[in-house]
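One letter stands for each residue in the lines below.
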Amino acid sequence: MSKIMPPAHPFDASVLEDDDKLKEECGIFGVIGVGDASNFVALGLHALQHRGQEAGGIVSHDPEQGFQSARRFGYVRDNFTSQKVMETLPGPLAIGHVRYSTTGSKGQTAIRDVQPFFGEFAMGGAAIAHNGNITNANALRRELIERGSIFQSSSDSECIIHLMARSLQRTIPERMEDALRRVEGAFSVVAMTRTKLIGVRDPLGVRPLVLGKVGDGWALSSETCALDIIGAEFIREIEPGEMVVISQNGIDSQFPFRPQKPRFCIFEHVYFSRPDSILGGRSVYETRESIGRELAKESPVEADLVCPVPDSGTPAAIGYSLESGIPYAMGIIRNQYMGRTFIEPTEQIRNMGVRLKLNVNRALIQGKRVILVDDSVVRGTTSRKIKEMILDAGAKEVHFRIASPPTAWPCFYGVDTPQREKLLAATMSEEEMRDHLQVDSLKFISLDGLYRAVGEAKGRNAKQPQYCDACFSGEYPVEPADQIESGFEMKAAE
Ligand code: SF4
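Residues numbered from 1 in each chain as written. Predicted model: local features only at pLDDT ≥ 70, side-chain atom pairs only at ≥ 80, totals over all residues. Heavy atoms only, no water.

## Regarding the overall build of the protein chain
Helix and strand content of the protein chain: 20 helices and 25 strands. Relative to the globule expectation of 23 Å for 494 residues, the C-alpha radius of gyration of the protein chain, 23 Å, shows essentially globular dimensions. Projected onto its principal axes, the C-alpha coordinates of the protein chain cover approximately 70 × 70 × 45 Å. Taken over 494 residues, the protein chain has a buried fraction of 56%. Across the protein chain, every contact between residues at least 6 apart in sequence was considered, and the portion connecting residues at least 24 apart equals 69%. Carbon and sulfur atoms provide 49% of the accessible area of the protein chain, an area that totals close to 21,100 Å². (Helix = DSSP H or I, 4+ residues; strand = E, 2+ residues; numbered from the N terminus. Rg over C-alpha atoms; globule rule 2.2 N^0.38 Å. Buried < 20%, exposed > 50% of the residue type's maximum accessible area, 1.4 Å probe, protein only. Contact = heavy atoms within 4.5 Å. Areas by Shrake-Rupley, 256 points an atom, 1.4 Å probe, with all protein chains shown as cover.)

## Quick notes on the site of the ligand
Neighbouring residues of the ligand: 13 residues in total, closest Arg207, Cys265, Cys411, Cys468 and Cys471. Counting only elements with at least two residues in the shell around the ligand, the list comes to helix 9 (267-272) and helix 19 (470-473). When grouped by side-chain class, the residues that make up the shell around the ligand number 11 nonpolar, no polar and 2 charged. (Near = heavy atom within 4 Å. Nonpolar A, V, L, I, M, F, W, Y, C, P; charged D, E, K, R; others polar.)

## What about the domain arrangement of the protein chain?
In terms of domains, the protein chain is made up of domain 1 (23-263) and domain 2 (287-334 + 350-476). Summarising the inter-unit geometry, the C-alpha centres of domain 1 and domain 2 are found 33 Å apart. Between domain 1 and domain 2, the contact holds 15 residues from the first and 11 residues from the second. Both sides together, the interface formed by domain 1 and domain 2 hides about 1,100 Å², and carbon and sulfur atoms give 48% of it. Counting across the domain 1 and domain 2 interface gives 0 salt bridges. Taken together, the elements giving at least two residues each to the side of domain 1 that touches domain 2 come down to strand 1 (23-24) and strand 7 (124-134). Residue classes in the side of domain 1 that touches domain 2 are distributed as 4 nonpolar, 4 polar and 7 charged. (Domains from an automatic or database assignment. Buried area = accessible area lost by both parts, 1.4 Å probe. Salt bridge = Lys/Arg side-chain N within 4 Å of Asp/Glu carboxyl O.)

## Description of the side chain of serine 277
Along the polypeptide, serine 277 turns up in the loop between helix 9 and strand 16 (278-279). A distance of 2.8 Å separates the side chain of serine 277 from the side chain of glutamate 223, its partner in a polar contact. Excluding residues that lie within four positions of it along the chain, serine 277 makes contacts with Glu223, Thr224, Cys225, Arg282, Ser283 and Val284. (Polar contact = N/O pair within 3.5 Å; in protein donor to acceptor, adjacent residues only side chain to side chain.)

## Considering the UniProt feature "active site" (unreviewed entry) in the protein chain
According to UniProt, the feature "active site" (unreviewed entry) maps to Cys26 in the numbering used here. In this structure, cysteine 26 sits in strand 2 (residues 26-32). On the accessibility criterion, cysteine 26 (6% relative accessible area) is buried. If near-sequence neighbours (up to four positions away) are discounted, cysteine 26 is found in contact with Arg51, His97, Val98, His130, Asn131 and Ser222. (UniProt positions renumbered as here; feature names shortened; annotations may be inferred.)

## What to know about the pairing of strand 5 (residues 93-99)
By the criterion of burial, strand 5 is predominantly enclosed, with 7 of the 7 residues buried. Residues Leu93, Ile95, His97 and Arg99 of strand 5 are buried on one face, and the alternating residues Ala94, Gly96 and Val98, pointing to the opposite face, are buried as well. Bridge count between strand 2 and strand 5: 7 bridges; the pairing is antiparallel. Among the inter-strand pairings, glycine 30 is bridged to a residue of strand 5, identified as isoleucine 95. (Pairing = 2+ DSSP bridges.)

Below, the structure written as structure tokens:
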């Protein structure tokens, strides 16, 4: 009698990880002036979970119990919903962080790498949570270690705490200003002292940070969607180069850095931010729909259906459909219930890869010419598998339309990107990529088209780009000093 093998189903988080997407590394959130601030922070971090799923942490301060902290691996919902944990984080002031590592020991993070980081100074303690990436962290770390600093983690963000410790300024906000003036790269920071909540954005404003009002208190958040979840009113964005210090006396705003033209990350509009957030006064959802419309104008094709690659391609696919008049349909269905608690991945399961997460709506696809709209192509591995699934389901033609220009350069400002040679667009032309993916056509939105879609009617200002678009253009607004030191070659001047 032949032995019936059980269906292979165990797989681990590595299989579920979407390794063919760029990944935002962090979300930050802080609240002051409400009872049990840490509960608000936990909710805020839950709404920011898309910005980092590896680990999270909360620091709170209570006048009687002082600073308390909890740092955990895994999702916010699995760690910061238990009463037992939340009771250890009392007080009217708290900050938190969710992380997907960009620097530090990636993939093998130690709990000491999980933020917020805490420092005890002569004038009291301070905790900080950082979103972004410090591009001169190696040089700073070397200098600080030579001068006696003892680092606890491998995270570049810890440099800020050590720089603060060495500052001769009198107050913690002043020390933070001092420290951040030495830091290059991208940073949005939420920090706290015993009585103050502090928010800072780097002079280019690469990563987002917004201010909200919650009851008699205030909140700072990476995105507005996290203000919504706690019932906070969105007040405004923290300006590039601005530092706000919030206490019971109100908000003090300063601009301590040398002013520069802002260069917000344009990819936040395309993919990183949640579609229900507001960025630069615009709904992210509407911007993505406009990207789809631009794409349809730039790269029309005759077809029967426009389908998104869920979930991030959805608004752009709707825009493409509205502009082109080609019906929109959910040709690919996402399994919403992917857990992360499986065991050993088998080879068979690894090969299933994308099929575990996405399935083709066969009845809809069969015999159709299908336009697939996705937000980006990074390595191209997922695009290729999706194409195979669509053809297996009987599609007549497959046309890819991509809501971002070709990603040909790595990001050094707080987004996890593969090395340059792993990026499909770094080594292939559009036609070579089409051939590699074996699709009937492949078109990316142009850089100018993307700028138009985010509200720049005249497109990109080549002399002074309005956004950071380095991963598309290779033009880095801040020289990535650490990377150059380790051999990264910048784009040659044209
Ligand atoms: S390089 Fe790309 S992902 Fe990184 S900040 Fe600039 S636009 Fe955003």
